[in-house]
Amino acid sequence: MKNIKKLGYILVATALTFASCTKDLDINRSPYNPTENDATPELLFPSGVAYSAAKIGGDLQLIGAFWSQHYTQNNSSNQYTGIDSYNLTIASCNGIWSNLMGGGMKDLVISKEKASASGLWNYYVASEIMLAFDNHVLVDLYGDLPVKEGLQGDKGVYTPKWDDGKTVNQLIITQLDNAIAKINDAKALKSMGAQDFVFEGDLDNWRKFANTLKLKVFMRDFTTNSAAITTLLNSNDLLESDAKMTAFLDAVNKSNPLYESDRRALNTFVNLRASKTLMSYLQKNNDPRIEDFFELTTEKDKPAVYAALRQGDYNAPTTDYPPGSTSRAKLGATDPVYFMSYAECEFLQAEAWARLNNSAKAKTHYDLAVTEAFSRWNKSAASFISGGVYEFKIGTVEKMVEQIIMQKWVAATRCQAWDSFYDQNRTGYPVMSALDSDDPSYIPGQYTKSITSVLTGNTLPRRLPYPKNSSDNNANTPKAVPIGTKMWWHKQ
């Protein structure tokens, strides 16, 4: 068990090492080299999960936290100004593509194929579900994805065609159905145990993870998929625990990937500050989770309080915001990397029932979701959801959905900020304010335009640019699309 966990730490560290845009891995080359040909699913599967955790819990959590307006760049440092100003190019985030497609997903594909060939159905099931999850994360980032021909390696497709987003979502559902169909065969085998960083070999939880991911994908097109959504809601077979990786230690190259890259690897540790968007909402509602999300200020000769910067206000002079005058984001070396959380599952169900206009069930799942979101930080939600500021109010479908997504947005802090970014694209919540967050009429929690945004008007980022390390090697990579361009499933 210790050796397997050590493997995970090494792989996370490896992926973090290449978090910049310098690693030249891409899916247009054969992933099958002699070393990998000798590897078994018992090694390839945890490798794939660890690589996935490194990028999702590192780079994507970072970008998501800025674009969900949880965090903003400190005004006395400049590590993340490109993210905060939405000034990303095709070369800005190559590490995400390289290490997910060229690292984690490559290992998962080989693991799945070898497991199928040798009848190791437990590794086949887990590899296929994790691969489907990674496809979901990437297609929601880029809009299109090479799934049918991508990662084929020695099968001869080195310049794969990209599939459109709707097709990719259909392929994800097929992947999940294929995995679920093999669950019983998988259960007849010896448990994966410690080689499974997510559920420690519990195949029932892998099935629930697959079903919850199906629900999430179906909700990208709710009207078309309402019957399938209703079936899943009534199945009583959705996540009741977190799908997460927890194998982190407070040690160099063994800690949570965002903590590792921000708090250990940089020459300054003050970049991530509280965004006034989130901070104002927490303060308005006296939300006790503020102490779990942010540190108190440390300005010399001033009382310690919670204080924030406007989104993107990193050019603010230090005479206005001296060092330590705003709250730094809290990060933990042993923070888990969440793929899907139990709270997210309950929020998904609450939203689905609201859209089906079943307010009673929407409220039931909303209350469970908020309760879980508070419990994660050892807090009680009881006074907030029963007669308090977060009590679910029955109203129009849109008003109910807005309440649900607002709480899901808060819950995503220090957990699944990248998913909160997806939700704002999909639902439009939190809504965009026409006011500056310093305006007396500003409504706390509404998004504001980044002070340094390079996008026109109140446009928000909606996607990542197609990566340079794909377009340089594959003429089939789609032409560049501005990052403010909405996708087919975004709220128009």
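Because the structure is a prediction, the values reported are computed rather than measured.

## Side note on the overall build of the protein chain
Logical step 1: Scanning the protein chain for helices and strands turns up 19 helices and six strands.
Logical step 2: Rg of the C-alpha trace for the protein chain: 22 Å, near the compact-globule value of 23 Å for 492 residues, within the 12% margin.
Logical step 3: Expressed as a percentage of its 492 residues, the buried residues of the protein chain come to 60%.
Logical step 4: Considering only contacts in the protein chain between residues 6 or more positions apart, those separated by 24 or more positions represent 76%.
Logical step 5: Of the roughly 18,500 Å² that the protein chain leaves accessible, carbon and sulfur atoms contribute 50%.
Logical step 6: In the protein chain, 51 side chains carry a positive charge and 53 a negative one; their mean positions are 1 Å apart.

## Section: the packing of aromatic side chains
Logical step 1: Tallying each qualifying case throughout the model produces 29 aromatic pairs.
Logical step 2: When the centroid spacing of 6.0 Å and the interplanar angle of 45° are considered together, the rings of Phe 421 and Tyr 422 count as tilted.
Logical step 3: With relative accessibility at 1%, the residue Tyr 422 sits in the buried group.
Logical step 4: Across the ring face of Trp 489, the terminal group of Arg 220 is positioned such that the distance to the ring centre comes to 4.5 Å.

## Observations concerning the nonpolar core
Logical step 1: Core analysis: the largest hydrophobic core is formed by 134 residues, its most contacted members being Trp 67, Ile 96, Phe 133, Leu 141, Trp 206, Phe 209 and Phe 339.
Logical step 2: The element contributing the most residues to this core is helix α6 (residues 121-142), with 15 residues.
Logical step 3: Beyond its immediate stretch of four places on either side in the chain, Trp 67 contacts Ile 83, Tyr 86, Leu 88, Phe 421, Tyr 447, Pro 461, Arg 463, Leu 464 and Ile 483.

## Concerning the pattern of salt bridges
Logical step 1: Scanning the entire structure with this criterion turns up 33 salt bridges.
Logical step 2: The closest approach of N and O atoms between Lys 216 and Glu 344, which form a salt bridge, is 3.1 Å. Within this pair, whereas Lys 216 is found in helix α9 (residues 203-218), its partner Glu 344 is found in helix α14 (residues 342-355), the two being separated by 128 residues in sequence.
Logical step 3: For Lys 216, a relative accessible area of 2% corresponds to the buried category.
Logical step 4: Taken together, the salt bridges that share partners define one network made up of Glu 351, Arg 355, Glu 398, Lys 408, Asp 423, Arg 426 and Lys 491.

## Here's the deal with the confidence of the model for the protein chain
Logical step 1: Looking at the protein chain, pLDDT values average 92 and 91% of them are 70 or higher.
Logical step 2: The low-confidence segment residues 1-34 (pLDDT under 50) makes 84 contacts with residues lying over four places distant or belonging to another chain.

## Comments concerning unusual backbone geometry
Logical step 1: For the bond running from Tyr 429 to Pro 430, omega is -5°, close enough to zero to count as cis.
Logical step 2: Position of Pro 430 relative to the elements: it lies in the loop between α18 (417-427) and α19 (468-471).
Logical step 3: Even without being glycine, Asn 236 reaches a positive phi, approximately 55°.
Logical step 4: In this fold, Asn 236 is placed in the loop between α10 (226-233) and β4 (243-245).

Thresholds, definitions, all that
Residues numbered from 1 in each chain as written. Predicted model: local features only at pLDDT ≥ 70, side-chain atom pairs only at ≥ 80, totals over all residues. Heavy atoms only, no water. Helix = DSSP H or I, 4+ residues; strand = E, 2+ residues; numbered from the N terminus. Rg over C-alpha atoms; globule rule 2.2 N^0.38 Å. Buried < 20%, exposed > 50% of the residue type's maximum accessible area, 1.4 Å probe, protein only. Contact = heavy atoms within 4.5 Å. Areas by Shrake-Rupley, 256 points an atom, 1.4 Å probe, with all protein chains shown as cover. Lys, Arg positive; Asp, Glu negative; His and termini not counted. Charge placed at Lys NZ, Arg CZ, Asp CG, Glu CD. Phe/Tyr/Trp six-rings, centres within 6.5 Å; stacked < 30°, edge-to-face > 60°. Lys NZ or Arg CZ within 6 Å of the ring centre and 35° of its normal. Core = buried A, V, L, I, M, F, W, Y, C linked by side-chain atoms within 4.5 Å. Salt bridge = Lys/Arg side-chain N within 4 Å of Asp/Glu carboxyl O. pLDDT = per-residue confidence, 0-100.

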